[in-house]
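A look at the structure
Listed below, chain by chain, are the residues.
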Amino acid sequence: MIRRLLLLIVILMPCGWLWSQDDYVTGRVTDSISNEPLAFVSIVYNASGQGVVTNLEGIFRIPRSKNVQFLKLRYLGYRQITISNLAVRSRNNLVIRMVPEPYDIAEVVVYPGENPAHRIIKLASENRNKNNPEKAGPFSYIAYEKMVFDIDPDTSRLSAPNDSAVREKFTLPDSIPFGMDQKGRIDLQRFLDKQHLLIIESVSSRKYFSPERNKEEVIASRVSGISQPSFMVLARQFQSFSFYNDFVNIANRKFINPISPGSTDKYFFIIQDTAYTERQDTVFIISFRPWKGRNFEGLKGVLYINSNGYAVQNVLAEASEEDAMFRASIQQQYDFMESSRWFPTMLNTSVTFNTAQFGGGKMPVNIVGSGKSYIVNVKFNPAYDKDEFDKVELEVNPAAHKQPEEVWNAYRVDSLSIRELETYRVIDSLGKAEHLDRTINSFETLFTGYLPGRYWSFNLRRFVDYNPYEGFRFGAGGKTTSQLSRKFTLGGYLAYGLHDKAFKYSGSLTFHLWPAHELGFTLLYRNDVNESGGVRFNESWNISGSAFIRDYMIEVMDQAREVETSVAFRALKYLTAQTYLIHSTIIPTNGYGYSLNEGNPQVLLTRFYLTETGIRLKYAFKETFMKTPRGNEFSMGTVYPVIYFNLALGVTGLKGDFNYRRSELKITKVFTTRTFGDTRLALVAGMVTGDVPYSKLYVGMGSYKSFTLEAEHSFGTMRFNEFLSDRFLALFMKQDFGKLLFKPRGKFQPEIALVQNMGIGELRNAGHHENISFKTMGKGYFESGLLINNIFRIQILRYGFGVMYRYGSYAFPETRDNFAFKLTLQLNM
């Protein structure tokens, strides 16, 4: 049971608090029921209205020199408390428990005229760039982060039944599913009374100069049960670093910021209280929630806006609509440092995973995570050398998991509790027994696509594949690891298609000449099949998108034997390139013939010898990466357009039969707006000059089946190989409104997306192509579609339904033939 709960967290992811000085009034404020600390409670301590707020630990500290007359505590959703001067003077290290009181912001009446909260919110919005720590200038800091996971008491604590076996001494069960019976819950609770389910700790050092010059290194990491936790540590981030961008990221979900421009049209604000700091600044305590009837990814919570620069001093926020699978809330605390800049100093995160949504059984449990980040050693305007920054924005020091206790003690705010120490002891032993390290490595493997071994890594996609031409394709392949050699890599594969009954194989040798610039020289031999008339760019296989789904639908293939030499390298910071020279023997499998004399089918070529040299480019401005100690790099993306470009020249020398020039371009971009959600665009174009066989033309990028998975960047109603062009232009547009159009209701949370695709192309010298039928696309091809995503969810996958319709000059006479029905599939990440 414990092992399965730990694995579920892996899948979803990524007492010294009091002062004793007599010169201060100190204490801690907690919830009277849960005993959890209450952050940002307003405490007024004299008749002048001066006050403080508790920090994220619920702790306050007031100098007695400030004329402390009483303590008046106010907090939204709790009963007000006043503590007399006598009690304040006679005691220190106070523990104050506040009683929850039902409160509904919707019950507040707003009278005609401008809402007074709007003036404060607008001033906070106007000062966002000034107060945003990532726009106010360079900085550096050290962050200590700790996150613990437990079982939600509301779903795990049950009264013991009259069963003597249950009342026996607790022993750790070997395996109980997420959905547990009553006895299983009691056993689990007894186990968790002594230790947590999981602890994640990390220490990181961050250097920031500008958005494109940003570097964070994890210098210490520790996860209970896992000896080398680098991949989990990289995925630890649950919230945005600051509260000033247009969107606030919480658990990988984007929410419209309540202090973004125009937020008063989307959010309902109420000034709940005002307080005065020791500097005589005013703190406006403002609650917020989305206006009723407005559908968008919104937050609810409380903002503390300080009149000093109208900066965010504190914030408590959570999703305004609960997610059936996952819930998260955040707390952020900012300090005014060096009398010049506001900067975050503490970040709290609370997350809850509902295991019922992951296949929980008759009595599912909720897994709850509580995280704290402490930001220390903050320095403003440090001197940086530009060589300190590269494309890797986040990485783990190879020795991070080996740091001694002296290093941890230097950064931990408090020493570990007895329960936390017991967690490391028990879960570490459980992790060894259950080989959790192996499981963690498998998740890193899933994202890289390789199953690692000591000297050889297997390519997961080589074990089994499918397309209509080959049928199911079974095989094995991979490459050598750096353990064998860092100077070269050997690779290859062997596969067999059940439908075409043919073996395919490949072998390669790559020399790593300059790893820092990704410079490598490769020799390759390949005997396989290629899509006839397809186009490929220097793109990485992306499991989070759906474009790769088209690969499983391709119907027309060419047999290809290729000998290739290539040089790959990174030029500048954001440009990757591959130059190549390749000789190919192409054999069509669909009976196609190329007429040497246009229109004369008497002399046909059915085998083509091509010699081609060219370059493949990818430019992703400000793309950043995270890097694991195993050397794997994962793209963190870029907000700018990504540009791909291919240029190929066919030559008749070196045993080539055709002279041609082939150039292709692809540009992708995602625009995210507060009003319309995500606008996804992809522009694809290609042009061939010179007479070439079918294999080197363009067949239209169709992905039609009467009912199949939706594949982006393709025409969902266009049949495979329906069109043929030697030059074409295609535009794929998807407007994903997310939850903007429909208000979520419980587990039913549909998301609407509109699709508009269009293309145009032409074919000159069509008479060369025999034994095939095709159309040209000179009049323009058009299709539109409606996708309803997230109709239901099963574990980490979201399913939906869609329909596409083609119209215009190439519409079919029968209306039903113009429709294509789609199943949409998305990762719930």
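Overview of the structure.

Quick notes on the rules
Residues numbered from 1 in each chain as written. Predicted model: local features only at pLDDT ≥ 70, side-chain atom pairs only at ≥ 80, totals over all residues. Heavy atoms only, no water. Pairing = 2+ DSSP bridges. Helix = DSSP H or I, 4+ residues; strand = E, 2+ residues; numbered from the N terminus. Axes fitted to C-alpha atoms, helices over the stretch in contact; angles between N-to-C directions. Buried < 20%, exposed > 50% of the residue type's maximum accessible area, 1.4 Å probe, protein only. Arc of directions from axis to C-beta. Contact = heavy atoms within 4.5 Å. Polar contact = N/O pair within 3.5 Å; in protein donor to acceptor, adjacent residues only side chain to side chain.

Paired through backbone hydrogen bonds, the strands of a sheet run either parallel or antiparallel to each other. Across the sheet, which stays open at both edges, the three strands sit in the order β4-β1-β7 with mixed pairing between neighbours. Across the chains shown, the open sheet's two edge strands, defined by having one partner strand only, are β4 (59-63) and β7 (94-98). Within this sheet the neighbouring strands show an average axis-to-axis angle of 25 degrees, counted without direction. Across five bridges, the pairing between strand β1 (residues 24-31) and β7 is parallel. From the neighbouring strand, Gly27 faces β7, where its bridge partner is Leu94.

One non-glycine residue, Asn377, adopts positive backbone phi at about 50 degrees. Mapped onto the elements, Asn377 comes out in strand β19 (residues 366-380). The phi angle at Asn771 is positive, at roughly 65 degrees, despite the residue not being glycine. Looking at the secondary structure, you find Asn771 in the loop between β41 (769-770) and β42 (781-794). Under the relative-accessibility criterion, Asn771 is labelled exposed at 53%.

Across the sheet, which stays open at both edges, the three strands sit in the order β31-β30-β41 with antiparallel pairing between neighbours. The sheet is open, and its two edges are formed by β31 (604-605) and β41, each paired on a single side. For strand β30 (residues 593-595) and β31, the ladder comprises two bridges, and the chain directions are antiparallel. Paired with Tyr594 across the two strands is Leu605, which belongs to β31.

Before going further, it helps to examine helix α3 (residues 116-126). Residues Ala117, His118, Ile120, Ile121, Ala124 and Ser125 constitute the buried set of α3. Projected down its long axis, α3 carries its buried residues within an arc of 165 degrees, all on one side. Away from its buried face by more than 90 degrees, α3 exposes Pro116 and Glu126. On the buried face of α3, the contacting elements are α4 (128-131), β13 (267-276), β14 (282-290) and β15 (299-306). The opening residue of α3 is Asn115, an N-cap whose side-chain oxygen sits 2.9 Å from the backbone nitrogen of Ala117.

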